[in-house]
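# Survey of secondary and tertiary structure
Here is what each chain is made of, one letter per residue.
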Amino acid sequence: MKIEKIVLRKMKMALKTPFEVSFGVLTERDFILAEVHTKDFVGYGDCSAMPFPYYSEETNATAWHILEKFLIPLVYSKDEIAHPEKLYSLFSHIRRNKMAKSALDCAVWDLYAKERNLPLHKVLGGTREQIETGVSIGIQKTSDDLLRVVERHMEEGYRRIKIKIKPGKDLQYLEAVRERFGNIMLQADANSAYTLDDLELFKEMDQLNMLLIEQPLAHDDIVDHAKLQSVMKTRICLDESIHSVEDARKAIELGSTKTINIKVARVGGLTEAKMIHDLCASHDIPVWCGGMVDTGIGKAHNIAIATLPNYQFPGDIPASDRYYTEDFVAPQVTINQDSMIQVPERAGIGFEPVPELLDRFTYDIKEFKR
Ligand code: OSB
Ligand code: MG
């Protein structure tokens, strides 16, 4: 691929309702969209850093800096990029900054698939025509509010419910959902809000027969999670702790995790996501696809990677209308009454930005020519 132009856009879309997690509240989605152009095609990737460094250390401002000063010059240091995996070694001496890397990695994968006139999921080695999805529900004021929100999402077709928890809004909320909705697929995400001092609480949560519990302890821990897993039958799922295939190897060796939430953005793109998927498969550790309140482009990459065989639990890949009144891609992402998303067979990611909406949500744009 001879890359001739890269365009970065700063974009913003309002959320339909605020999304609260243990580290903060999101009211709008501010993100960077990367367009990578060859003579004939454009590949898209998004950088889904947050406006604040509370989920990971990156923000959109730091990602823009890394893209502009380091990653884009590296792409232009090569005449051609033979395969998207080449970016992995090209970027490997730049530490972390995974969400910045992911924007270009994803865009180049899309471009590569479009040049071959193949859907991205085929190029990645996917094996599914439909993928199963779930919904992630932010922290609600009361457990009654939560029950109403769960009910609404179940009516929309979601079959797996993920509840965000934090101290004081945890066990009683989860028990209320179990009591009301019976044996649905239920899981909780703590975003690192607890410590081993909360062991008794986790033992009670362990009685709820949840699919998994996501990142209960510190974002940079894999030792205490191993201790917690050793006394719980519920699967611990690492999210924040895993940035690379090496992180995954160490966590598996220690017994810190029985499933991994692979977020394409958090691990630097599709190449490393696939490496983690493969490593986990070789250890009989199922994985699933996490989300970052993604826009259509982020979702498109998630849908493609979630077709791989070891993605075994429903993903955080909700329909476009879960967070947004109008997403900027066509077609919009939709789910059916069985919580499934049809994987597109069009070339590349299979979803295209609508030019008018793209411009409406863009508040800054910069072109980088070779
Ligand atoms: O921990 O999975 C998380 C959203 C923002 C930051 C972190 C997380 C989340 C979600 C949302 O749970 C999942 C989604 O995109 O629907
Ligand atoms: Mg999480």
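Going by the structure above, here's the rest.
These numbers come from a predicted model, not from an experiment. (Residues numbered from 1 in each chain as written. Chains lettered and ligands numbered in written order. Predicted model: local features only at pLDDT ≥ 70, side-chain atom pairs only at ≥ 80, totals over all residues. Heavy atoms only, no water.)

### Brief notes about the coordination of the magnesium ion (ligand 2)
For the magnesium ion (ligand 2), the full set of protein donor atoms is Asp 189 (OD), Glu 214 (OE) and Asp 239 (OD), at a range of 2.0 to 2.3 Å. All donors of the magnesium ion (ligand 2) belong to a single chain; written as a sequence motif, their spacing is D-x24-E-x24-D. Note that Glu 214 is positioned in strand S8 (residues 212-214) and Asp 239 in the loop between strand S9 (236-238) and helix H9 (245-254), a separation of 25 residues in sequence. An identical accessibility class is assigned to Glu 214 and Asp 239; each is buried. (Donors = N, O, S within 2.8 Å, 3.2 Å for Na, K, Ca; no water. Helix = DSSP H or I, 4+ residues; strand = E, 2+ residues; numbered from the N terminus. Buried < 20%, exposed > 50% of the residue type's maximum accessible area, 1.4 Å probe, protein only.)

### Section: the packing of H9 against helix H10 (residues 270-282)
Where H9 contacts H10, the two axes come as close as 9 Å, and the packing angle between them is 20°. When the axes of H9 and H10 are compared, the pair comes out roughly parallel. The handedness of the crossing between H9 and H10 is right-handed. Of H10, the residues touching H9 (which contributes Val 245, Ala 248, Arg 249 and Ile 252) are Glu 272, Met 275, Ile 276, Leu 279 and Cys 280. Taken together, the residues of the contact of H9 with H10 break down into 7 nonpolar, no polar and 2 charged. (Axes fitted to C-alpha atoms, helices over the stretch in contact; angles between N-to-C directions. Parallel < 35°, antiparallel > 145°, perpendicular 65-115°, else oblique. Left-handed = near helix turned anticlockwise from the far one by under 90°. Contact = heavy atoms within 4.5 Å. Nonpolar A, V, L, I, M, F, W, Y, C, P; charged D, E, K, R; others polar.)

### Remarks on empty space enclosed by the protein
Taken as a whole and judged by the stated rule, the model has 4 cavities of 30 Å³ or more. Reported here for the largest cavity is a volume of approximately 230 Å³. Around the largest cavity, the lining comprises 22 residues; the ones closest to its centre are Phe 19, Lys 164, Gly 291, Met 292 and Val 293. Looking at the lining of the largest cavity, the elements that each hand over two or more residues are strand S1 (5-21), strand S2 (24-37) and strand S6 (160-164). (1 Å grid on protein atoms, 1.4 Å probe; cavity = no way out; pocket = protein on both sides within 12 Å on 5 of 7 lines; lining within 4 Å. Points joined across faces, edges and corners; volume = space filled by probe spheres on them.)

### Thoughts on the packing of aromatic side chains
All chains considered together, the criterion is met by 8 aromatic pairs. Aromatic pair Phe 23 and Tyr 55: ring centres 6.2 Å apart, planes at 50°, arrangement tilted. Taken together, the residues span a long stretch of sequence, with Phe 23 in the loop between S1 and S2 and Tyr 55 in the loop between strand S3 (42-47) and helix H1 (60-76) at a distance of 32 residues. Using a relative accessible area of 22% as the deciding quantity, one classes Phe 23 as partly exposed. Taking the centre distance of 5.9 Å and the plane angle of 20° together, the rings of Phe 31 and Phe 328 count as stacked. Of this pair, Phe 31 sits in strand S2 while Phe 328 sits in the loop between helix H11 (296-305) and strand S12 (329-330), placing them 297 residues apart in sequence. As far as burial versus exposure is concerned, Phe 31 and Phe 328 are alike and both buried. Counting every residue linked through ring pairs, the aromatic cluster contains Phe 23, Phe 52, Tyr 54 and Tyr 55. (Phe/Tyr/Trp six-rings, centres within 6.5 Å; stacked < 30°, edge-to-face > 60°.)

### Here's the deal with the layout of surface pockets
Where empty space is left in the structure can be found by rolling a water-sized probe over the atoms. Estimates place the volume of the largest pocket at around 280 Å³. What lines the largest pocket is a set of 18 residues, and nearest its centre among them are His 219, Asp 220, Glu 240, Ser 241 and His 243. A class-by-class count of the residues in the lining of the largest pocket yields 4 nonpolar, 7 polar and 7 charged.

### Section: the site of ligand 1
Around ligand 1, a shell composed of 18 residues is seen, among which Lys 164, Asp 189, Asn 191, Val 293 and Tyr 323 lie nearest. With respect to ligand 1, the side chain of Asn 191 contributes an N or O atom lying 2.7 Å from an oxygen atom. Met 292 places a main-chain nitrogen or oxygen 3.3 Å from an oxygen atom of ligand 1. Contact with the protein chains hides 99% of the accessible area of ligand 1, taken as 380 Å² for the molecule alone. (Near = heavy atom within 4 Å. Polar contact = N/O pair within 3.5 Å; in protein donor to acceptor, adjacent residues only side chain to side chain. Areas by Shrake-Rupley, 256 points an atom, 1.4 Å probe, with all protein chains shown as cover.)

### Let's talk about the sheet that holds S2
Pairing is antiparallel across the open sheet formed by 4 strands, whose spatial order is S3-S2-S1-S15. Whereas interior strands pair on both sides, the edge strands pair on one side only; in this sheet they are S3 and strand S15 (362-369). Averaged over all adjacent pairs, the angle separating strand axes in this sheet is 25°, with direction ignored. Inspection of the sheet shows S2 paired to S3 by 6 bridges, in the antiparallel sense. Across the sheet, residue Leu 33 finds its bridge partner in S3, namely Asp 46. (Pairing = 2+ DSSP bridges.)

### What to know about the side chain of Arg 178
Tracing the backbone shows Arg 178 in helix H6 (residues 171-181). Despite its burial, Arg 178 remains without a salt bridge, the nearest opposite charge being carried by Glu 175 at 10 Å. Residue contacts for Arg 178: discarding those within four places in its chain leaves Asn 183, Ile 184, Leu 186, Leu 208, Asn 209 and Met 210. (Lys, Arg positive; Asp, Glu negative; His and termini not counted. Salt bridge = Lys/Arg side-chain N within 4 Å of Asp/Glu carboxyl O.)

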